[in-house]
Amino acid sequence: MTGRKTINLALQGGGAHGAFTWGVMDALLEDGRFDIRGVSGTSAGAMNAVNFAEGLRKGGAQGAQRQMAEFWKGASLDGALPEAGRMVFDGMMAFWSSTPAAAILQQTASLFAPAELNPMDINPLRDVLQRGVNFEALRASAGPKLFIAATSVETGKVRVFHREELTLDMVMASACLPTVFRAVEVEGKPYWDGGYMGNPVLFPFFTETDCADIVLVQINPIVRRGTPDTAIEIMSRIDEITFNAPLLQEFRAIDFVRRLIAQGRLDGTHYKEIRLHIIEAQDALNRFGAASKMNADYDFFLELREIGANAAKKFIAAHFKDIGVRPTLDLRQALN
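Residues numbered from 1 in each chain as written. Predicted model: local features only at pLDDT ≥ 70, side-chain atom pairs only at ≥ 80, totals over all residues. Heavy atoms only, no water.

### As for the pairing of strand β2 (residues 34-41)
And then number 1: Of all 8 residues making up β2, 6 are buried, and the element is well covered by its neighbours.
And then number 2: One ladder, built from 7 bridges, connects strand β1 (residues 5-11) with β2; its direction is parallel. Its bridge partner lying in β2, Leu-9 is registered against Val-39.
And then number 3: As for the winding sense of the linkage, the β-α-β connection from β1 through helix α1 (residues 18-31) to β2 is right-handed.
And then number 4: Relative to strand β3 (residues 145-152), β2 runs parallel, the two sharing 4 bridges. Each bridged residue has a counterpart across the sheet, and for Gly-38 the counterpart in β3 is Lys-145. (Buried < 20%, exposed > 50% of the residue type's maximum accessible area, 1.4 Å probe, protein only. Helix = DSSP H or I, 4+ residues; strand = E, 2+ residues; numbered from the N terminus. Pairing = 2+ DSSP bridges. Right-handed = clockwise from strand over helix to strand, strands pointing away.)

### Here we look at the environment of Ile-307
And then number 1: With respect to the helices and strands, the residue Ile-307 is situated in helix α12 (residues 298-319).
And then number 2: Along the sequence, Ile-307 and Trp-22 sit 285 residues apart, while their C-alpha atoms lie 9.9 Å from each other.

### Description of the side chain of Asn-48
And then number 1: With respect to the helices and strands, the residue Asn-48 is situated in helix α2 (residues 44-74).
And then number 2: The class of Asn-48 is buried, set by a relative accessible area of 1%.
And then number 3: There is a polar contact of 3.1 Å between the side chain of Asn-48 and the backbone oxygen of Gly-18.
And then number 4: In contact with Asn-48, not counting residues within four places along its chain, are Leu-11, Gly-18, Thr-21, Trp-22, Met-25, Met-68 and Trp-72. (Polar contact = N/O pair within 3.5 Å; in protein donor to acceptor, adjacent residues only side chain to side chain. Contact = heavy atoms within 4.5 Å.)

### Structural notes on the layout of surface pockets
And then number 1: The space that makes up the second largest pocket amounts to roughly 810 Å³.
And then number 2: Taken together, 27 residues line the second largest pocket, and the ones lying closest to its centre are Gln-218, Ile-278, Glu-280, Gln-282 and Leu-329.
And then number 3: Elements with a contribution of two residues or more to the lining of the second largest pocket: α10 (231-262), β8 (275-279), α11 (282-286), α12 and α13 (331-335).
And then number 4: When its residues are assigned to classes, the lining of the second largest pocket shows 14 nonpolar, 7 polar and 6 charged. (1 Å grid on protein atoms, 1.4 Å probe; cavity = no way out; pocket = protein on both sides within 12 Å on 5 of 7 lines; lining within 4 Å. Points joined across faces, edges and corners; volume = space filled by probe spheres on them. Nonpolar A, V, L, I, M, F, W, Y, C, P; charged D, E, K, R; others polar.)

### Topic: α12
And then number 1: For α12, built from 22 residues, the straight-helix expectation of 32 Å at 1.5 Å per residue is met to within 8% by its first-to-last C-alpha distance of 31 Å.
And then number 2: The complete set of buried residues in α12 reads Tyr-298, Phe-300, Phe-301, Leu-304, Arg-305, Ile-307, Gly-308, Ala-309, Ala-311, Ala-312, Phe-315 and Ile-316.
And then number 3: In this structure, the buried residues of α12 make contact with α1, β2, α2, β8 and α11.
And then number 4: The backbone nitrogen of Asp-299 has a side-chain oxygen 3.1 Å away, supplied by the residue at the start of α12, namely Asp-297. (Expected span 1.5 Å × (residues − 1).)

### Side note on a nonpolar patch on the surface
And then number 1: Nonpolar side chains collect at one region of the surface, where Ile-234, Met-235 and Ile-238 lie side by side and expose about 240 Å² of accessible area between them.
And then number 2: Along the chain, Ile-238 turns up in helix α10. (Patch = residues over 30% accessible without salt bridge, like charges linked within 9 Å, V, L, I, M, F, W, Y side chains within 5 Å. Areas by Shrake-Rupley, 256 points an atom, 1.4 Å probe, with all protein chains shown as cover. Salt bridge = Lys/Arg side-chain N within 4 Å of Asp/Glu carboxyl O.)

### Digging into unusual backbone geometry
In most cases, non-glycine residues show a negative phi, while peptide bonds are predominantly trans.
And then number 1: Looking along the chain, the bond that leaves Asn-199 and enters Pro-200 is cis, with omega of -5°.
And then number 2: Relative to the assigned elements, Pro-200 resides in the loop between β6 (189-193) and α9 (203-208).
And then number 3: Its identity is not glycine, yet Ser-43 carries a phi of approximately 55°, on the positive side.
And then number 4: Here Ser-43 is to be found in the loop between β2 and α2.
And then number 5: On the basis of relative accessibility, which here comes to 11%, the residue Ser-43 falls in the buried class.
And then number 6: With a phi angle near 55°, Glu-187 is a residue other than glycine that sits in the positive phi range.
And then number 7: Here Glu-187 shows up in the loop between β5 (184-186) and β6.

Listed below in structure tokens is the structure:
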């Protein structure tokens, strides 16, 4: 094992596909050569980020691996979900399936608010997270900085929650799909899923860590070939486009600053050149379809974990030498 690399991790949300990120982080931890300074996470990415940090706090790299494995097992229908949680997951998966019955359910559900469809506001992941993470101890401990994004319902702006203030409600706000759950209140203000304004946010890394290398773990495809032709496929693609828009805006900002730095126009300022990298496996993930993001079967989680681990190992083999030296994500290509 030669040398160590300092990185920041940016973790996208994407429902069950977040288990892909579990595999990526497991492989990075197993490699042992990465010093992770900061982790940005949204929705499922926030769940991964918090469990990663909690596991590190309790038992270092191996503790982080155990913690994430326990979370994904607990979040599955084969795991420790209470019966009410299983019923909510069943309803969510039926809503996103492509059967005629599900199409009728979707049309009916569109007429009702979450308070009517889910009056007890049951969120099975809340119990799993509450059992597994000691937020008081996490806030008081040292470790990678955390940047958890949620969207303000009232202002439409992103709010980024930091490690030293983090609560269970803040993480649940980051993962609050407004069509399924009631808005989560934090300090008396309502919040929805952070994906609407940052999936994930990158800007905290620019000034709040001393590391210029960001490794984006991408779940949601920017490009999906073909035209969707069913109502569910159309809405799924709209969600992907919506949740990728803030990320593409940050790509443009990084590219713009990079060009100004190259021209010498930002000499003497606080701006630094960001080196972006990406771990993804879009060909493998796309074959499952967007509806699979609501598949809570544990065997499916394990399949995604394996895909993520293989993608991370492939990235490490190809680009470990580039980290700290040059970006490996071609922003011009990503933006065109």
